[in-house]
Amino acid sequence: MNYIQYEQKDAIAVLTISREKALNALNSEVLGELDAAIDAIDLDTVRCLIITGAGQKSFVAGADIGEMSTLTKEEGEAFGKKGNDVFRKIETLPIPVIAAVNGFALGGGCELSMSCDIRLASENAVFGQPETGLGITPGFGGTQRLARIIPVGKAKEMLYAGTKVKAAEALTLGLVNAVYPSEELLPAAEKLAGKIARNAPIAVRASKKAVNDGLQVSIDEGIAIEEKLFGSCFESADQRNGMAAFLNKEKAPAFQNK
Ligand code: DAK
């Protein structure tokens, strides 16, 4: 691949969007490679994915403005679908995904981070949806996900006025879980991924599905979703071994994803 680096260390994979000279902007080729890289993840062995951008300056500075500038209506729709399909694939990936936001996360970059489960940021991170200043609406889910993550009034300000949000404010808004000096961001993401990877994968995946599916429905339907997923854990050896270890006053076992 030209624009995606992918590395697996034990149960953690790090996917780096690597188009540094354009601040990792997403063109069709990058989106195509991102899609293929997500499809190729070995879900039997990877328990947590980290997505980051190459370099110290930018996570992803948005969709590629040069490529978009000449699109027709039909081409615009096709480009939007390509991005939306891959972002939704990330959002619904069975394993948790952490965005390690190492700089600009603008437009499609902010949207990519929001399709991840958890966002951690470097001190120089900047979030924004500047699309209305380019004559378009956000096209990769920004109008939908931003208003579900941060207070709706602030989301609308970011969407209408293009107001950018720096790391410290993103933390206050709950857009990111934590902020680190640049050099500490990836180690912190890996540490959190490691903590996730040590827990029972079937239970972690069921928790992700319960939260995501539950947020789309009423609380009663959400509770029903949780009940089913909770029940399904009792078919796993990890549940039996995890509870037995507790009862025997032993350390949690190495969970087997079975
Ligand atoms: N696209 C293409 N190239 C970009 C880029 C982008 N989004 N962002 C930066 N670059 C390129 C610059 O053109 C420059 O290239 P050279 O001139 O060196 O060849 C290089 O990266 C370095 O950028 P700067 O020289 O501008 O660096 P600065 O530090 O001065 O400024 C910046 C950094 C991030 C503040 C600035 O580059 C900037 O404002 N970039 C644009 C950010 C932006 O507006 N992003 C949102 C893009 S719109 C859709 C689906 C999705 C979308 C739209 C439609 N459909 C449904 C159809 C999504 C839209 C977007 O994401």
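Our subject is the structure that appears above.
Residues numbered from 1 in each chain as written. Predicted model: local features only at pLDDT ≥ 70, side-chain atom pairs only at ≥ 80, totals over all residues. Heavy atoms only, no water.

Participant: Go over the pairing of strand S5 (residues 97-101) with me, naming the residues and quoting the values.
Facilitator: Of all the five residues making up S5, five are buried; the element is thus mostly covered by neighbouring parts of the structure. Residues Val 97, Ala 99 and Val 101 point to one face of S5 and Ile 98 and Ala 100 to the other, with burial holding for every one of them. Where strand S3 (residues 48-53) meets S5, four bridges bridge the pair, whose relative direction is parallel. In the strand pairing of S5, Thr 52 is matched with Ala 100. As paired elements, S5 and strand S7 (residues 118-122) share four bridges and run parallel to each other. Note that in S7 the partner of Val 101 across the bridge is Ala 121. (Buried < 20%, exposed > 50% of the residue type's maximum accessible area, 1.4 Å probe, protein only. Helix = DSSP H or I, 4+ residues; strand = E, 2+ residues; numbered from the N terminus. Pairing = 2+ DSSP bridges.)

Participant: Tell me about the layout of surface pockets, and please be specific about residues and values.
Facilitator: Considered as a void within the structure, the largest pocket measures approximately 790 Å³ in volume. Taken together, 28 residues make up the lining of the largest pocket; nearest its centre are Glu 91, Asp 117, Val 211, Asn 212 and Leu 215. Of all the secondary-structure elements, those providing two or more residues to the lining of the largest pocket are helix H3 (73-91), S7, helix H5 (142-149) and helix H9 (201-214). Ranked by residues supplied to the lining of the largest pocket, first place goes to H9 with eight residues. The calculated volume of the second largest pocket comes to roughly 450 Å³. In terms of lining residues, the second largest pocket is bounded by 23 residues, among which Ala 63, Met 68, Glu 131, Ile 136 and Thr 137 are the most central. Within the residue set of the lining of the second largest pocket, elements represented by two or more residues are helix H2 (65-68), H3 and helix H4 (108-114). Considering every element that reaches the lining of the second largest pocket, the biggest residue donor is H3, with three residues. In terms of residue class, the lining of the second largest pocket is made up of 12 nonpolar, eight polar and three charged. (1 Å grid on protein atoms, 1.4 Å probe; cavity = no way out; pocket = protein on both sides within 12 Å on 5 of 7 lines; lining within 4 Å. Points joined across faces, edges and corners; volume = space filled by probe spheres on them. Nonpolar A, V, L, I, M, F, W, Y, C, P; charged D, E, K, R; others polar.)

Participant: Go over empty space enclosed by the protein, please, and point to the residues and values.
Facilitator: For the coordinates displayed, the defined rule picks out one cavity of 30 Å³ or more. In this structure, the largest cavity spans a volume of roughly 40 Å³. In this structure, the largest cavity is lined by Arg 47, Ile 95, Pro 96, Ile 196, Ala 197, Asn 199, Pro 201, Val 204 and Arg 205. The biggest single contributor to the lining of the largest cavity is H9, with three residues. A class-by-class count of the residues in the lining of the largest cavity yields six nonpolar, one polar and two charged.

Participant: With reference to specific residues and values, describe the pattern of salt bridges.
Facilitator: The full count for this structure, using the stated rule, is 12 salt bridges. The partner of Asp 85 in a salt bridge is Lys 81, and the shortest N-O contact between them spans 2.7 Å. Of the two residues, Asp 85 and Lys 81 are both situated in helix H3; the distance of four residues between them amounts to about one turn of the helix. Between Lys 208 and Asp 117 there is a salt bridge, with the nearest N and O atoms lying 2.9 Å from each other. Of this pair, Lys 208 sits in helix H9 while Asp 117 sits in the loop between H4 and S7, and the two are 91 residues apart along the sequence. A residue is classified by how much of its surface remains accessible, and Lys 208, at 7% relative accessible area, is buried. (Salt bridge = Lys/Arg side-chain N within 4 Å of Asp/Glu carboxyl O.)

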